[in-house]
Amino acid sequence: MSKNLKIDEFEYTSLFKCTRCGQCTYGQEEAEFTSLCPVHKKGNFFSYSAGGMMQIARNLYEGKIDYSETLKDIVYLCTTCGVCESNCGVIENHLDIIGKIRRELITLDFPESKALAKVVEGIEKFKNPYGHKQEDRTDWLDGRKEVINNSDASVFYYTGCVSAYDQKQVPQALTRIWDHLDIRFSVCDAEQCCGGPLFYSGYEDKARKLAQHNVRMIEESGIKTVVASCPTCAMVFKKYYPEWLKRELPFEVYHSTEHLAGLVAEGRLKPGALKEKSKAIYHDSCHLGRGLGLFEEPRDLMQAIGGLETEEFNLCRENSQCCGGGGMIPIINSAFSFETAYERLDQIDDETVDTLASACPNCRKTLHLAARKKRRKIRVADVCELIADSLA
Amino acid sequence: MNELKRALFSVFPSDRVSDDPAILAGYSADSATLPGSATAPSYVVLPKTTDEIVHLVQIAHRSRIPLVPMSRGSNIAGMSVSVQGGIVVDCRMMNHILEINTESGYALIEPGVTLHQLSSALQKKRFFCHLPTATGGSSALANYMMRPSGNFSARWDPDPLLSLEVVTPGQGVVRTGSACFENVGWRARYQCLPDLTGLFANSFGTLGVVSKGSVKIFDRGETDKVLLVSFDEFSQAAEYMKLIVRRQLAESVTFWSWGWNLFHEMTLSKETRIPEAMLKEDQKSPPPGVPFGIASARLSGYEDVVQVQEERCIRIANELGGEHLDDQKAREIHPGCYNYLNGYFGKGVHIKPGEESQIRAGLHLSGCLVTVQPENVAKLEAYMWDLARREFEPPYFFRALPYSHAREFFFAFVVYVQGSLEERRDYLTHIKGIYHQLYTDLRNKFGAVMFRFRKYPEFLSYTGGYGDLLKDIKKSVDPHNIMNPGMLIF
Ligand SMILES: Cc1cc2nc3c(=O)[nH]c(=O)nc-3n(C[C@H](O)[C@H](O)[C@H](O)COP(=O)(O)OP(=O)(O)OC[C@H]3O[C@@H](n4cnc5c(N)ncnc54)[C@H](O)[C@@H]3O)c2cc1C
Ligand code: SF4
Ligand code: SF4
């Protein structure tokens, strides 16, 4: 065996487990025969699935095949949506394996590989996937210097790269809510990428370094409650950090909706009414829903907003369909990302809903761009923005 | 482009035929394939219609290239992995339930229809189908063509197949059962002519590609009940199963030795490590508090009748030394097992089986599967334990269930293989060697016949005129032996 793929014997053995049942591509219950895996949507063969990629990995490891255009095409379709991991009865590390194939592909001369290599380099150098400067990370605060490294805070806000540099409306809305409730929060100007994009590219070693930095940074603040707006960041903190660092985190991590739903339950947060009545449809982010199991919290928050009617996608909760924004797909395969986002948008009737709500800055960005490109009139907003609006 | 490739690409669009190594890799192995032994086919094709299969079979026949039918590929025994190049015919896109006829009691399905898909559709109509403890993603038709081992096969007659449509290289499209007559339909296994459905059952893709088929479906009745009884001896359990089936008390019943039941616990918890207890030297005696085995019976029908059935089953169990596990007790000692057996036996829809846990734990499975007459099943069990103590490493377990009104029992003895790649390869080769001899011994000593074909080239030679006739038929339907030759039947 030429060990064309750098996995250990244990991981290689895990590839044998695939029974080729194909369930990794489908939804559950009422969507059990609906294909949800974005990779599978692009190809009919079994190889276009997580199970297929496990067989591909096996063949790479055994030196039976080489990296190729088709192999690259398949692997660079994975949006890390997690349908496979939540449906498969036997394997639980599909994304780990897919990441490791990507890690090998990255060194090859494919346009996607170059784009992904740039992201990886960017994160290593600038500690964010966009190549932005570290000092710009807190620009979204619009000069509120007192919350940076605030020693008098009860909440540590881990902003995340997408919110900090791109979807600034999201952190701004969340902090508006905190201000309204007089909750003191701290933002650290030394914050670095959570490491998710590196992990999904097969660089667990590099991701671990970021994890070490972020955990040390929060530990030094002494704050025990960490809130993240981005479900991927929250998931990486909760699920992978303890694994990578081989220890429990010395603080609790919450996604913003989880945290705010807690405040509503305590009676501290009482969302008000929107100025103008609205009807919103809620899109479950893959990493928030399937990844963290947070389905009710964002819905409960939306329910609590006056003047807001809500609607559900047919494909929702565990069966939510990816927006196309995960797995760095918007950067490495933007056409496919848009295609996936359009498919999600096509499930909405603009005549009946005016707002597409999500609780993920990355979904917000992807769906917003797609909606604009398609000249759809629907507003795309984070749940926090809707709450902040209701408090205004 | 060679002629074969040109021919294939002229019939199938490029998203349904491929010779790309990355695509073929997906078809190169299943969970039985040994480390380092993945073998890809030369092409894979995804037909959507019978006509397309006809073209494909003609091309392969002309080119004398092997054709390996595959419905979902989940047989975990390498039966739809092409070992000699050739073309894999992946039927997953033929996944339509064409008809559910509750009046005549059959469903007409394509080979890509999964067990989960069929059982869910039937549940809506309060019907059910035969269910193996296979993964829900397995094809119903492919499973039934291999004589399923599992639920619902005891009181009802055990063979779920009715009529088939098969595309053969030598004879073109053949319809069997009542479907051989135009306008008669799909309701029956055979009419006034010999049974040809049976010819294709257990043929493992060596005689043709099945493009659709009708299967039996059953009314669920007013109520369902799962009755669990624990036994300390296999012989008691075997007698119990025989009696409750023969006396029309249970629709089906299966006995699982304690190891399987612990695997069911793993299904609930999503645990990936094998429980310590399963690695103990003495596999015959369970850990404290765990019964040696549990017989799970499915009772169904009118409510009052089921009540009587339950009382009678418990009485028979008690007389034989078994202990009825009521819901509370079953939940206490085996919560995962209780959940699983209730879901699987009770609801009549497919749920994740214990076997998935075994595979999740990273174990290779190696099974010795046979069918045997009732009076020999307990003797066979004793013999296997003896052999196992000498030859196998723990964990190993068995399960047994009566078939066909308890005329015979299905008996599965399964060894789990773990360790390094080298150790696995060596141990699996060792086991294979033992089984090879064992099947001959078991046949001679206990009249036990190998269940599912396990790739023994000389097997047909034991069957006298039957084998000769089969070979003649094979010549007629597949003159160039292109159909799944890797199965080594012919
Ligand atoms: C976790 C697990 C547990 C299992 N437990 C059980 C169990 O308890 N009982 C049980 O009975 N089985 C069990 N199995 C085995 C498995 O479910 C069956 O073998 C499976 O149903 C076969 O369906 P398939 O679509 O996967 O067949 P495939 O793997 O595609 O094919 C199986 C065989 O049928 C042939 N074939 C397939 N499609 C066609 C066609 N259209 N025309 C002609 N020939 C064809 C193939 O060439 C091959 O020889 C288990 C499997 C798994 C993964
Ligand atoms: S990865 Fe899991 S769900 Fe997918 S085909 Fe393999 S066993 Fe089935
Ligand atoms: S993570 Fe999503 S896109 Fe990637 S293989 Fe799994 S189901 Fe498909």
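Because the structure is predicted, anything quoted here is derived from the model rather than measured. (Residues numbered from 1 in each chain as written. Chains lettered and ligands numbered in written order. Predicted model: local features only at pLDDT ≥ 70, side-chain atom pairs only at ≥ 80, totals over all residues. Heavy atoms only, no water.)

1. Describing the overall build of chain A
Heads up, the condition is: Put simply, DSSP marks the helices as runs of H or I at least four residues long and the strands as runs of E at least two long, and each gets a number from the N terminus on. Restricting the calculation to C-alpha atoms gives the radius of gyration, and the globule rule supplies 2.2 Å times the number of residues raised to the power 0.38. Residues are treated as being in contact if the distance between any of their heavy atoms lies within 4.5 Å.
On a plain count of helices and strands, chain A comes out with 19 helices and 8 strands. A compact globule built from 392 residues should have a C-alpha radius of gyration of about 21 Å, and chain A, at 21 Å, falls within 12% of that. Along the first, second and third principal axes, the C-alpha atoms of chain A reach 60 × 50 × 35 Å. Considering only contacts within chain A whose residues lie at least 6 apart along the sequence, 77% involve residues at least 24 apart.

2. Section: the site of ligand 2
Residues and elements named next belong to chain A. Quick reminder of the rule: What makes a residue near a molecule or strand is one non-hydrogen atom of that residue sitting within 4 Å of it. Here a cavity is any set of points on a 1 Å grid over the protein atoms alone where a 1.4 Å probe fits but cannot get out, and a pocket is any open set with protein on both sides within 12 Å along at least 5 of 7 lines; a residue lines the site when it has an atom within 4 Å of a point. Molecule-in-pocket calls rest on the fraction of atoms, with more than half required to lie within 2 Å of the cavity or pocket grid points. Just so you know the grouping, Ala, Val, Leu, Ile, Met, Phe, Trp, Tyr, Cys and Pro go in nonpolar, Asp, Glu, Lys and Arg go in charged, and all remaining residues, Gly too, go in polar.
Looking at ligand 2, the residues that line it are C18, T19, R20, C21, G22, Q23, C24, F46, G51, C88, V90 and H94. Using a 2 Å cut-off from the grid points, one finds that ligand 2 occupies the largest cavity. For the shell around ligand 2, a count of residues per class yields 6 nonpolar, 5 polar and 1 charged.

3. Section: the site of ligand 3
All names here are of chain A. If you check the shell around ligand 3, you find 14 residues, and the closest are C37, C78, C81, G82 and C84. Because more than half of its atoms lie within 2 Å of the grid, ligand 3 is assigned to the second largest cavity. When the residues that make up the shell around ligand 3 are grouped by side-chain class, the tally is 11 nonpolar, 3 polar and no charged.

4. Considerations on empty space enclosed by the protein
Residues and elements named next belong to chain A. For clarity, the cut-off: Grid points are joined across faces, edges and corners, and a volume is the space filled by probe spheres set on the points.
A full pass over the atoms with the stated rule returns 3 cavities of 30 Å³ or more. Of the pockets and cavities examined, the largest cavity occupies roughly 90 Å³. Every residue lining the largest cavity is counted, 14 residues in all, and those nearest its centre are C18, T19, C21, C24 and C88. In the lining of the largest cavity, the residues fall into 8 nonpolar, 5 polar and 1 charged. Of the volumes computed, that of the second largest cavity is approximately 80 Å³. Lining the second largest cavity are 13 residues, with C37, V39, C78, C81 and C84 positioned closest to its centre. Contributing elements (two or more residues each) for the lining of the second largest cavity: α2 (38-41), α3 (50-61) and α6 (94-105).

5. A short note on the environment of V57 of chain B
All names here are of chain B. Along the chain, V57 turns up in helix α3 (residues 50-63). A sequence separation of 111 residues divides V57 from T168, and the C-alpha atoms of the two residues are 7.0 Å apart. The residues touching V57, leaving out its near neighbours within four places in the chain, are L67, V167, T168, P169, V209 and I482.

6. A few points about α3 of chain A
Going by this rule: One fewer than the residue count of a helix, multiplied by 1.5 Å, yields its expected span. A 1.4 Å probe rolled over the protein chains alone gives each residue an accessible area, and that area as a share of the maximum for its type sets the label: buried under 20%, exposed over 50%, partly exposed in between.
Here α3 of chain A is 12 residues long and its end C-alpha atoms lie 16 Å apart, about the 16 Å a rise of 1.5 Å per residue gives. Here α3 of chain A has its buried residues at A50, G51, G52, M53, M54, Q55, I56, A57, R58, N59, L60 and Y61 of chain A. Looking at the buried side of α3 of chain A, the elements it contacts are α1 (9-15), α2, α4 (69-75), α5 (83-87) and α6 of chain A together with α2 (21-25) of chain B. G63 of chain A sits one or two residues past α3 of chain A and shows a positive phi near 70°.

7. A closer look at the domain arrangement of chain B
All names here are of chain B. The cut-off we apply is this: Where each domain starts and ends follows an automatic or database-derived domain assignment. Using a 1.4 Å probe, buried area is obtained as the accessible area two parts lose upon being combined, added over both of them. A 3.5 Å cut-off defines polar contacts: any pair of N or O atoms within that distance qualifies, except that in protein one atom must be a possible hydrogen donor and the other a possible acceptor, and neighbouring residues in sequence count only when both atoms are side-chain atoms.
On domain assignment, one finds that chain B holds domain 1 (2-92 + 481-487), domain 2 (97-219) and domain 3 (223-450). Taking only C-alpha atoms, the centre of domain 1 and the centre of domain 2 are 23 Å apart. Each side of the interface is counted separately: domain 1 has 19 residues, and domain 2 has 23 residues. Across the domain 1/domain 2 interface, buried area totals approximately 1600 Å², and carbon plus sulfur atoms make up 73% of it. On the domain 1 side of the interface with domain 2, the three residues burying the most area are T50, R72 and M483, jointly 31% of the side's total. The interface formed by domain 1 and domain 2 holds 4 residue pairs in polar contact (both at pLDDT 80 or more) in total. Counting residues per element, the side of domain 1 that touches domain 2 draws most heavily on α3, at 5 residues. For the side of domain 1 that touches domain 2, the class distribution of residues is 10 nonpolar, 6 polar and 3 charged.

8. Points about the domain arrangement of chain A
All names here are of chain A. We count it as follows: When a carboxyl oxygen of Asp or Glu lies within 4 Å of a side-chain nitrogen of Lys or Arg, that pair is called a salt bridge.
When its domains are assigned, chain A resolves into domain 1 (9-105), domain 2 (134-263) and domain 3 (271-391). The interface of domain 1 with domain 2 comprises 8 residues on the first partner and 8 residues on the second. Of the roughly 690 Å² buried between domain 1 and domain 2, counting both surfaces, carbon and sulfur atoms make up 48%. Counting the contacts that link domain 1 with domain 2 gives 2 salt bridges. The salt bridge involving R103 is made with D205; its shortest N-O contact spans 3.3 Å. In this assembly, domain 1 and domain 2 are joined by 4 residue pairs in polar contact (both at pLDDT 80 or more). Among the elements that line the side of domain 1 that touches domain 2, the one with the most residues is α6, at 6 residues.

9. Concerning the packing of helix α11 (residues 204-221) of chain A against helix α12 (residues 231-245) of chain A
Residue and element names in this part refer to chain A. Condition: An axis is simply a line fitted to the C-alpha atoms; with a helix, the fit covers only the stretch in contact. Between two such axes, the angle follows the N-to-C directions and lies from 0 to 180 degrees. An angle below 35 degrees is read as roughly parallel, one above 145 as roughly antiparallel, one from 65 to 115 as roughly perpendicular, and any other as oblique.
Two numbers describe how α11 lies on α12: the axes approach to 10 Å, and their chain directions differ by 105°. When the interaxial angle is binned, α11 and α12 end up roughly perpendicular. Facing E204, A207, R208, L210, A211, Q212, N214, V215 and I218 of α11, the residues of α12 in contact are F237, Y241, W244 and L245.

10. Focus on unusual backbone geometry
The amide bond that connects P394 of chain B to the next residue, P395 of chain B, takes the cis arrangement and shows omega of 0°. With respect to the secondary-structure elements, P395 of chain B resides in the loop between α13 (374-391) and β19 (396-403). Although it is not a glycine, R375 of chain A sits at a positive phi angle of roughly 50°. Relative to the helices and strands, R375 of chain A is located in the loop between α18 (361-373) and β8 (379-382). Looking at R375 of chain A, the relative accessible area reads 77%, which means it is exposed. Unusually for a residue other than glycine, I76 of chain B sits at a positive phi of about 45°.

11. Focus on a negative patch on the surface
Operational definition: Patch membership requires over 30% relative accessible area and the absence of a salt bridge. Like charges are linked within 9 Å, and nonpolar side chains (Val, Leu, Ile, Met, Phe, Trp, Tyr) within 5 Å. Computed by Shrake-Rupley with a 1.4 Å probe, the accessible areas treat only the displayed protein chains as cover when residues are assessed. Neither His nor the chain ends contribute to the count of charged residues, in which Lys and Arg are positive and Asp and Glu negative. A charged residue contributes its charge at one atom only: NZ of Lys, CZ of Arg, CG of Asp or CD of Glu.
On the surface, D8 and E9 of chain A together with E281, D282, E393, E423 and D426 of chain B cluster together into a negatively charged patch. Judged by its relative accessible area of 37%, E9 of chain A falls in the partly exposed class.

12. Let's talk about the interface of chain A and chain B
Residue-level contacts link 37 residues of chain A with 53 residues of chain B. For the pair chain A and chain B, the summed buried area comes to about 3500 Å², and 54% of that belongs to carbon and sulfur atoms. If you sort the residues of chain A by the area they bury against chain B, R20, N44 and F45 of chain A come out on top, with a joint share of 22%. Inspection of the chain A/chain B interface yields 0 salt bridges. Applying the counting rule to chain A against chain B returns 20 residue pairs in polar contact (both at pLDDT 80 or more). Among the elements of the structure, α1, α3, α4 and α5 of chain A are those that each provide at least two residues to the side of chain A that touches chain B. Top contributing element to the side of chain A that touches chain B by residue count: α3 of chain A, with 5 residues.

13. Side note on the sheet that holds strand β20 (residues 408-417) of chain B
Within a sheet, each strand pairs with its neighbour through backbone hydrogen bonds, oriented either parallel or antiparallel. Residue and element names in this part refer to chain B. Definition in use: In this description, strands pair whenever DSSP reports at least two bridges between them.
The 8 strands lie next to each other as β17-β14-β16-β15-β19-β20-β18-β21, forming an open sheet whose pairing is antiparallel. Looking at which strands have only one partner, the edges of the open sheet turn out to be β17 (323-325) and β21 (449-450). As paired elements, strand β15 (residues 252-257) and β19 share 2 bridges and run antiparallel to each other. In the sheet register, F255 faces β19, and the bridge partner there is A400. Helix-sheet contacts for helix α9 (residues 303-320) involve β14 (223-231), β16 (293-301) and β17, and the interaxial angle to β14 is about 5°. With respect to the sheet, α13 is in contact with β18 (364-372), β19 and β20, its orientation differing from that of β20 by roughly 15°.

14. Section: the pattern of salt bridges
In total, this model carries 52 salt bridges over all chains according to the counting rule given. Its salt-bridge partner being R184 of chain A, residue D152 of chain A comes within 3.4 Å of it at the nearest N-O pair. Within this pair, whereas D152 of chain A is found in the loop between α7 (111-126) and β1 (155-158), its partner R184 of chain A is found in the loop between α9 (169-180) and β2 (185-187), the two being separated by 32 residues in sequence. For R184 of chain A, a relative accessible area of 43% corresponds to the partly exposed category. For R298 of chain B, the salt bridge identified is with D224 of chain B, shortest N-O distance 2.6 Å. Here R298 of chain B is found in strand β16, whereas its partner D224 of chain B is found in strand β14, with 74 residues between them in sequence. Since its relative accessible area comes to 0%, R298 of chain B is described here as buried. A single salt-bridge network, built from bridges that share partners, covers E69, K72, D73 and E112 of chain A.

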